Amino acid sequence: PNSPAADRFLKTMHDTITAMPFGVTVRVERVVTPAKFAYCNSLTFRDWQANRAYETSEVFLKYYHEQWKPAVTEATEQLLVLDQPHSTP
């Protein structure tokens with residue numbers, strides 16, 4: 001955390017994933033609690049199908065195996081569904 005190498009890794013992660021053809025929005029956040037992790041990456045997909053296409057794509061798997069996995073020693077993943085309130089016209 002807080003190193004030029006970490007900054008480069010996070011910028012590359014952000015730029016690589018947002019450039020993929022799945023319409024992913026990526027936010028890099030600092031973790032306050034639990035203190036076990038220094039960063040939280042939030043990925044937002046337009047729908048469940050886009051998430052599944054991303055996770056099974058060759059471009060994501062290549063990034064994961066070549067860049068993410070060698071650099072990240074421990075991580076946890078949580079999947080969330082954000083139900084947006086529907087507005088009426």
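Each remark here, short or long, concerns the structure printed above.
Since the model is a prediction, treat every value here as computed from it, not as a measurement.

Enquirer: Could you give an account of helix α1 (residues 4–19), with specific residues and numbers?
Expert: Over its 16 residues, α1 runs 22 Å from end to end, which matches the ideal 22 Å to within 8%, given 1.5 Å per residue. Of the positions making up α1, those classed as buried are Ala6, Leu10, Met13 and Ile17. One side of α1 holds all its buried residues, which, seen down the axis, span an arc of 60°. In α1, those exposed residues whose orientation departs by more than 90 degrees from the buried face are Pro4, Arg8, Lys11 and Ala19. Buried residues belonging to α1 abut β1 (25–30), β2 (39–44), α2 (48–56) and α3 (58–71).

Enquirer: If you had to explain α3 to someone new, which residues and values would you point to?
Expert: Count 3.6 residues to each turn of an α-helix, and residues three or four apart come out pointing the same way. Under the 1.5 Å per step criterion, the end-to-end length of α3 is 19 Å for 14 residues, consistent within 8% with the ideal 20 Å. The principal kink in α3, of about 40°, is found at Tyr64.

Analysis parameters
- In this numbering scheme, every chain counts its residues from 1 along its sequence in written order.
- Totals for whole chains, interfaces and linings use every residue, but because this is a predicted model, local features are given only for residues with pLDDT of at least 70 and side-chain atom pairs only at 80 or more, for both listing and counting.
- By convention in this description, side-chain values take in all heavy atoms of the structure and omit both hydrogens and water.
- Strands here are runs of E lasting at least two residues and helices are runs of H or I lasting at least four, both read from the DSSP assignment and numbered beginning at the N terminus.
- A helix's residues, less one, multiplied by 1.5 Å, set its expected span.
- Burial status follows relative accessibility: with a 1.4 Å probe on protein chains alone, a residue under 20% of its type maximum counts as buried, one over 50% as exposed, and anything between as partly exposed.
- Directions are taken from the helix axis to each C-beta atom, and the arc is the one they span.
- A contact between two residues is defined here by any heavy atoms of the two lying within 4.5 Å.
- What we call the bend at a residue is the angle made by axes fitted to the seven residues finishing there and the seven residues starting there.

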